[in-house]
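Listed below are the residues making up each chain.
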Amino acid sequence: MRKNFKDKELIVFDLDGTLTETKSPLMQDVAFLLVRLLEQKQIAIIGGGRYRQFRAQFLKQFRAPKELLGHLYLFPTTATAFYRYRHGWRKVYVHELSRRDRANIKKAFHAVLEEIHYVPPDRVYGQVIEDRRTQVSFSALGQDIVARLGAKGVRLKKEWKRKHTDIKMKIAKLVARRLPHLEVRAAGFTTVDVTKRGIDKAYGLRQIQKYLHVPIKEMLFIGDAIFPGGNDYAVVKTGVDYLKVSGPAQTKKLIRNLLK
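Please read all numbers here as calculations on a predicted model, not as lab measurements. (Residues numbered from 1 in each chain as written. Predicted model: local features only at pLDDT ≥ 70, side-chain atom pairs only at ≥ 80, totals over all residues. Heavy atoms only, no water.)

**Observations regarding the nonpolar core**
Phase 1 of the analysis: Within the largest apolar cluster, 37 residues are counted, with the highest numbers of intra-cluster contacts made by Leu 34, Phe 58, Phe 62 and Leu 72.
Phase 2 of the analysis: Here this core gets seven residues from one element, more than from any other, and that element is helix H2 (residues 28–38).
Phase 3 of the analysis: If you look at the next biggest cluster of nonpolar residues, it comprises 28 residues, including Ile 129, Val 146, Leu 179 and Leu 182. (Core = buried A, V, L, I, M, F, W, Y, C linked by side-chain atoms within 4.5 Å. Buried < 20%, exposed > 50% of the residue type's maximum accessible area, 1.4 Å probe, protein only. Helix = DSSP H or I, 4+ residues; strand = E, 2+ residues; numbered from the N terminus.)

In structure tokens form, the structure reads like this:
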């Protein structure tokens with residue numbers, strides 16, 4: 001690993017597919033390494049899930065001294081919200097979609113699914129179209145599949161991605177045509193997210209720079225989807241240094257290298 005990566009002031013992690021398996025709890029060995037890293041650097045985490053998903057997936061498993069939590073920053077729903085620790089987790093900002101936009105997004109999803117004659121899976125788990133207020137998300141197998149099925153749910157999501165990524169990309173493209181004033185992204189294994197225009201992970205890095213006064217050149221981004229069409233790819237346009245990983249196992253190796 002290049003020395004200047006080890007000298008970075010702040011490390012930005014994607015959540016799903018990078019620190020954890022999709023919507024799965026943070027493993028304790030990853031949590032231990034993150035606490036050690038937090039002793040040396042600031043850490044930000046950007047993911048597509050809402051804040052309550054961050055709490056269940058990450059914070060519930062993450063144990064760190066309170067003095068270190070002040071150097072940890074959370075950006076749920078693709079940085080449409082920002083939380084930091086100040087005598088408890090406090091909201092810094094939330095960019096909610098208007099009620100009209102949220103209704104139009106749901107209509108757009110339903111219209112596109114009808115247009116392409118979409119055939120849903122035999123069984124879904126939880127909402128397929130979820131209103132997260134800051135973001136509206138389509139999830140082909142339902143938002144709760146991993147919460148209900150655990151590792152089996154992860155396998156089913158990976159299988160759906162392998163077989164149907166072309167369908168997900170088509171849905172994203174057609175929904176984007178219907179909502180030109182909003183941001184539409186294919187995200188994760190089975191998901192399409194819609195937020196306010198201009199909000200993506202690049203936006204998240206710029207918010208880190210604005211609120212934390214850390215220049216982008218002093219950040220390192222680590223994610224699993226840093227490729228054209230991937231939901232981490234937007235960070236490339238900021239000029240940030242980045243490292244692509246294949247999953248939590250490789251992320252652990254990178255953290256160990258950063259600690260050396």
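From this point, the discussion proceeds with the structure in view.
**Notes on the sheet that holds strand S2 (residues 42–46)**
Phase 1 of the analysis: Taken in spatial order, the seven strands line up as S5-S4-S3-S2-S1-S10-S11 in an open sheet, and their pairing is mixed. Of all strands in the sheet, those bounded by a partner on one side alone are strand S5 (89–94) and strand S11 (241–244). Neighbour-to-neighbour, the strand axes of this sheet turn through a mean angle of 20°, independent of strand direction.
Phase 2 of the analysis: Inspection of the sheet shows strand S3 (residues 72–75) paired to strand S4 (residues 81–85) by two bridges, in the antiparallel sense. Among the inter-strand pairings, Leu 74 is bridged to a residue of S4, identified as Tyr 83. (Pairing = 2+ DSSP bridges. Axes fitted to C-alpha atoms, helices over the stretch in contact; angles between N-to-C directions.)

**Brief notes about the layout of surface pockets**
Phase 1 of the analysis: Estimates place the volume of the largest pocket at around 690 Å³.
Phase 2 of the analysis: If you go around the largest pocket, you meet 43 residues; those closest to its centre are Ala 187, Gly 188, Phe 189, Asp 224 and Asn 231.
Phase 3 of the analysis: Contributions of two or more residues to the lining of the largest pocket are made by helix H3 (51–57), helix H8 (151–178), strand S8 (182–187), strand S9 (191–196) and helix H10 (248–259).
Phase 4 of the analysis: Examining the composition of the lining of the largest pocket, we find that six residues originate from one element, H8, more than from any other.
Phase 5 of the analysis: When the residues that make up the lining of the largest pocket are grouped by side-chain class, the tally is 11 nonpolar, 19 polar and 13 charged. (1 Å grid on protein atoms, 1.4 Å probe; cavity = no way out; pocket = protein on both sides within 12 Å on 5 of 7 lines; lining within 4 Å. Points joined across faces, edges and corners; volume = space filled by probe spheres on them. Nonpolar A, V, L, I, M, F, W, Y, C, P; charged D, E, K, R; others polar.)

**Considering the side chain of Ser 24**
Phase 1 of the analysis: Considering the arrangement of structural elements, one finds Ser 24 in the loop between strand S1 (10–14) and H2.
Phase 2 of the analysis: With a relative accessible area of 10%, Ser 24 lands in the buried category.
Phase 3 of the analysis: Excluding residues that lie within four positions of it along the chain, Ser 24 makes contacts with Gln 57, Val 146 and Val 154. (Contact = heavy atoms within 4.5 Å.)

**Some remarks on the packing of aromatic side chains**
Phase 1 of the analysis: By the definition in use, this model includes 10 aromatic pairs.
Phase 2 of the analysis: On the basis of an interplanar angle of 5° and a centroid distance of 3.8 Å, the ring pair of Tyr 51 and Tyr 83 is categorised as stacked. With Tyr 51 in helix H3 and Tyr 83 in strand S4, this pair connects stretches of sequence that are 32 residues apart. For the pair Tyr 51 and Tyr 83, a shared accessibility class is recorded, and that class is buried.
Phase 3 of the analysis: When the centroid spacing of 5.5 Å and the interplanar angle of 35° are considered together, the rings of Tyr 93 and Tyr 211 count as tilted. With Tyr 93 in strand S5 and Tyr 211 in helix H9 (residues 201–212), this residue pair connects regions lying 118 residues apart in the sequence.
Phase 4 of the analysis: The class for Tyr 93 is buried, based on a relative accessible area of 6%.
Phase 5 of the analysis: Taken together, the ring pairs in this structure connect Tyr 73, Phe 75, Phe 82, Tyr 93 and Tyr 211 into an aromatic cluster. (Phe/Tyr/Trp six-rings, centres within 6.5 Å; stacked < 30°, edge-to-face > 60°.)

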